[in-house]
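Understanding the architecture of this molecule
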Amino acid sequence: MTTPFLCLCRDRSTPDFNTPLRLHRNHIHFSSPLYLLQHEKMKAAEGCSLLVTTFCLLLMFSGFYYIWSFSFYFNVSYSCMGEPQRAQYGGGIIVNPGFDHNIEGWTVFGKGAIEERVSNEGNRFIVAHNRTHPLDSFSQKIQLKEGMLYSFSAWFQLSEGSETVSVIFKINGSKLIGGGQVTAKHGCWSLLKGGIVPNFSSPAEILFESKNSRVEIWADSISLQPFTKKQWRQHQDDRIERVRKSKVRFQVTHINETVLEGATISIKQTRPGFPFGCAMNHNILTSKDYQSWFASRFKYTTFTNEMKWYSTEKKRGVENYTIPDAMLEFTKHNGIHVRGHNIFWDNQKHQPDWVKTLSPEALKEAAAKRIESVVSRYRGKVIAWDVMNENLHFKFYEDKLGANASAEYYATAFHLDPNTTMFMNEYNTIEYSGDELSSPSNYLKKMEEILSFPGSSGISAAIGLQGNFVYGQPNMPYIRSALELLSTAGLPIWLTEVSVNQDPNQAEYLESILREAYSHPSVEGIIMFSGPAIAGFKKMHLVDENFQNTPAGDVVDKLIKEWGTGHQKAIADSKGFIDISLHHGEYDITVTHPITHSSKILNLVVGKDFPQETIHVEFHT
């Protein structure tokens, strides 16, 4: 057996060194920014030059390959670029991902034709042309395995104009499953990220769609990388450690500067740094059990229906805020922050009955009274307003009052309550990759329209993603890619109404969704639309009629404890040091002398900018 000579080189176009390598016996597999090169192919290898730091290893293999733990590509550029970046993970399971071997491995799907082209800079890419149907494109056959999570990425450009391009997975020869979308343009390359989580093992075909069949679809750097659930969970945990926790060091000493080995530190989080809450409804006003259950767990909430227009003004001119007022009194007494939900709802069927038949003039007058009434009443009492609910899917106000109706109400709400964050609250942006109306790119486009409207300057805006999962197993790669794209707006992201339909795996799915959101640095809050069975939460309840946890409730309690609200204890080492990693939040710290058992109490706020300095605790006796 020969011993291959191997060299590892860093690709300067990629963001970090952490992406994994696959080492195969007697051949190379480009699967990361660290290229694995055989000695005899070094001259032809891209990315290896005298300008790149290299180091070489002599490794001997005995018929098997070794795989390092996979890292995940985060924070890549989504901007329209002159040239595409390299294929992530070296293309993963895609054959010829960068078209270095013409169009080998790719075939025509539908009618039309495909060919390789070369840019003026020498970049090779594939083109689908002479198209007559949206799905006329290029395709490649793959094998999907149940239980794996497949992350997709590719760069797209069009021959003219601007259109949506979607990646489609064709399963068992007929079923089409969307895996993500991007708004592609002529003149630059745009990144599409998404994925699929198959619920059974199956041969599949990967293909692409643009509804405008007149345009050519250009693509490059196509990648489909499988991850195990264990690897995916490790990505979440690693990122949580980086973005949600800070390392804290204490040193316990005596007044004469002698260290106090064995001193005990007890840590209790008094307020979490990350808003993790649950919806509530009017049933909480009449149930002591509901009140106790909620107040012992959550410091953030959204009222399900009680603030909505159809609840507060059922009859024109007769406003009644009795119930939301009482609920706000309960939350104030228990230190619970409330999101205002909602000022308007763009769906016609969710208007007060008397509003549905108003003329445009009458509607404008009634809506002006509504926004003035509810926002002024609760100004400074809520931390957020869902200003126009679901206005990517519906256009009741736009159809009646003009295309700028939503933007005008955002500006009005901002001027009425300028210190409160204004949310655009929408569904299917992360739940379902096949909903083009609320795709991440369309969400960002609508948000840009709102924020550029006259009168919106200075508005504190945020992205509201409902997260009502009704389609079984959630598409975690799509969720992650959607959050990545949305984060490019630089706005806070909240999951505002998280629920998972009844399913044997409901608890597992819920935990994965919550961990994914918590691990993303741009997500600044999560509210679940759930609660006790007696309160009428049908999709997902956390406790039964006797307030005993359901499996979903067990997940929530576990995460509440894991994310920092549980008590922790630690003991000082021989130098009096205690090192601990804490989730962001406010803490009461009790330090106990190892001999006298006297105590000192500290208040500590741990955040993302927590200083890397030792906290000295000194005993005088």
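Parameters and conventions
- Within each chain, residues carry numbers counting from 1 in the order of the written sequence.
- For this predicted model, a pLDDT threshold of at least 70 governs which residues receive local features, and a threshold of 80 or more governs which side-chain atom pairs are given and counted, while totals over whole chains, interfaces and linings are taken from all residues.
- Excluded from the side-chain calculations are hydrogens and water; all other atoms, namely the structure's heavy atoms, are used.
- UniProt positions are given in the numbering used here, feature names are shortened, and annotations may be inferred rather than shown by experiment.
- Counting from the N terminus, the helices are DSSP H or I runs at least four residues long and the strands are E runs at least two residues long.
- When accessible area is computed with a 1.4 Å probe and restricted to protein chains, residues below 20% of their type maximum are described as buried, those above 50% as exposed, and intermediate ones as partly exposed.
- Only heavy atoms matter for contacts: two residues are in contact if any of them lie within 4.5 Å across the pair.
- Where accessible areas are quoted, they stem from the Shrake-Rupley method and a 1.4 Å probe; at the residue level, only the protein chains shown are allowed to cover.
- The nonpolar core is taken to be a set of buried Ala, Val, Leu, Ile, Met, Phe, Trp, Tyr and Cys residues, with the residues joined through side-chain atoms within 4.5 Å.
- A pair of strands is treated as paired once DSSP finds two or more bridges between them.
- The convention used is that axes are lines fitted to C-alpha atoms, helices contributing only their stretch in contact, and that angles between N-to-C directions extend from 0 to 180 degrees.
- Side-chain rings of Phe, Tyr and Trp, where Trp is taken by its six-membered ring, are said to pair if the distance between their centres is within 6.5 Å; with planes under 30 degrees apart they count as stacked, over 60 as edge-to-face, and otherwise as tilted.
- Distance and angle both matter: a charge sits over a ring if NZ of Lys or CZ of Arg is within 6 Å of the ring centre and within 35 degrees of the ring normal.
- The patches reported here contain residues having more than 30% relative accessible area and no salt bridge. Joining distances are 9 Å for like charges and 5 Å for nonpolar side chains (Val, Leu, Ile, Met, Phe, Trp, Tyr).
- Here, a salt bridge means any Lys or Arg side-chain nitrogen found within 4 Å of an Asp or Glu carboxyl oxygen.
- Take the far helix as the reference: if the near one is turned anticlockwise from it by less than a right angle, the crossing is left-handed, and if turned clockwise, right-handed.
- Residue classes follow a fixed rule: Ala, Val, Leu, Ile, Met, Phe, Trp, Tyr, Cys and Pro count as nonpolar, while Asp, Glu, Lys and Arg count as charged, and any other residue, Gly among them, counts as polar.

Per an unreviewed UniProt entry, the chain goes by the name GH10 domain-containing protein and belongs to Crotalaria pallida. UniProt lists a comment for the chain under the heading Sequence similarities (unreviewed entry), and it reads "Belongs to the glycosyl hydrolase 10 (cellulase F) family."

Re the overall build of the chain
Tallying secondary structure elements over the chain gives eleven helices and 33 strands in all. Taking all 621 residues of the chain together, the buried fraction comes to 55%. Contacts in the chain between residues far apart in sequence, at least 24 positions, make up 75% of those at least 6 positions apart. Counting every atom, the chain has about 27,500 Å² of accessible surface; 50% of that belongs to carbon and sulfur.

Looking at the nonpolar core
Counting residues in hydrophobic clusters, the biggest one holds 95 residues, and the most contacted among them are Trp385 and Tyr397. Among all residues touching Tyr397, those that are not within four sequence positions of it are Trp309, Phe344, Trp345, Asp346, Gln351, Leu363, Ala367, Met388, Gly402, Ala405 and Tyr409.

Description of the sheet that holds strand S32 (residues 599-606)
Spatially, four strands are ordered S29-S17-S31-S32 in an open sheet, and the strand pairing comes out antiparallel. The open sheet has two free edges, formed respectively by strand S29 (568-571) and S32, since each of these has just one partner strand. Taken pair by pair, the neighbouring strands of this sheet meet at an average axis angle of 25°, ignoring direction.

Points about the packing of aromatic side chains
Following the criterion strictly, the structure yields 28 aromatic pairs and no others. Taking 5.6 Å as the distance between ring centres and 40° as the angle between the ring planes, the aromatic pair formed by Phe99 and Trp106 counts as tilted. The exposure class of Trp106 is buried, given its relative accessible area of 5%. Measuring from ring centre to ring centre gives 6.2 Å for Trp293 and Phe294, while their planes differ by 70°; the resulting arrangement is edge-to-face. You'll find Trp293 and Phe294 in the same group, each marked buried. Three or more aromatic residues link up through ring pairs in this structure, and these residues are Phe274, Phe276, Tyr290, Trp293, Phe294, Phe298, Tyr518 and Trp563. Above the plane of the ring of Phe423 lies Arg339, whose end atom (NZ or CZ) is 4.5 Å from the centre. The ring of Phe619 carries the charged tip of Lys600 above its face, separated from the ring centre by 6.0 Å.

Comments concerning a nonpolar patch on the surface
Where nonpolar side chains cluster on the molecular surface, the patch consists of Tyr432, Val470 and Tyr471 and spans about 280 Å² of accessible area. Looking at the element boundaries, Tyr471 is found in the loop between strand S24 (468-469) and helix H9 (476-487).

Some details on unusual backbone geometry
Across the junction of His341 and Asn342, the peptide omega takes the value -15°, indicating a cis bond. Here Asn342 is to be found in strand S20 (residues 337-345). Despite not being glycine, Asn96 has its phi angle at roughly 55°, a positive value. With respect to the secondary-structure elements, Asn96 resides in the loop between strand S5 (66-67) and strand S6 (107-109). Classification of Asn96 by relative accessible area gives buried; the value is 8%.

Concerning the sheet that holds S6
Strands sit in the order S6-S9-S14-S11-S12 across an open sheet of five strands; the sheet is antiparallel. Both edges of this open sheet fall to S6 and strand S12 (175-185), since each of them pairs with a single strand only. Each adjacent strand pair in this sheet contributes to an overall mean axis angle of 35°, direction not counted. Pairing between strand S9 (residues 137-144) and strand S14 (residues 202-209): five bridges, direction antiparallel. Each bridged residue has a counterpart across the sheet, and for Ile142 the counterpart in S14 is Ala204.

What about the packing of helix H5 (residues 360-377) against helix H7 (residues 405-416)?
The interhelical angle for the contact between H5 and H7, taken along N-to-C directions, is 35°, at an axis separation of 10 Å. Pair H5 / H7 crosses with right-handed handedness. Packed against H5, whose contacting residues are Ala367, Ile371, Glu372, Val375 and Ser376, the element H7 presents Tyr409, Thr412, Ala413 and Leu416 at the interface. The class makeup of the residues in the contact of H5 with H7 is six nonpolar, two polar and one charged.

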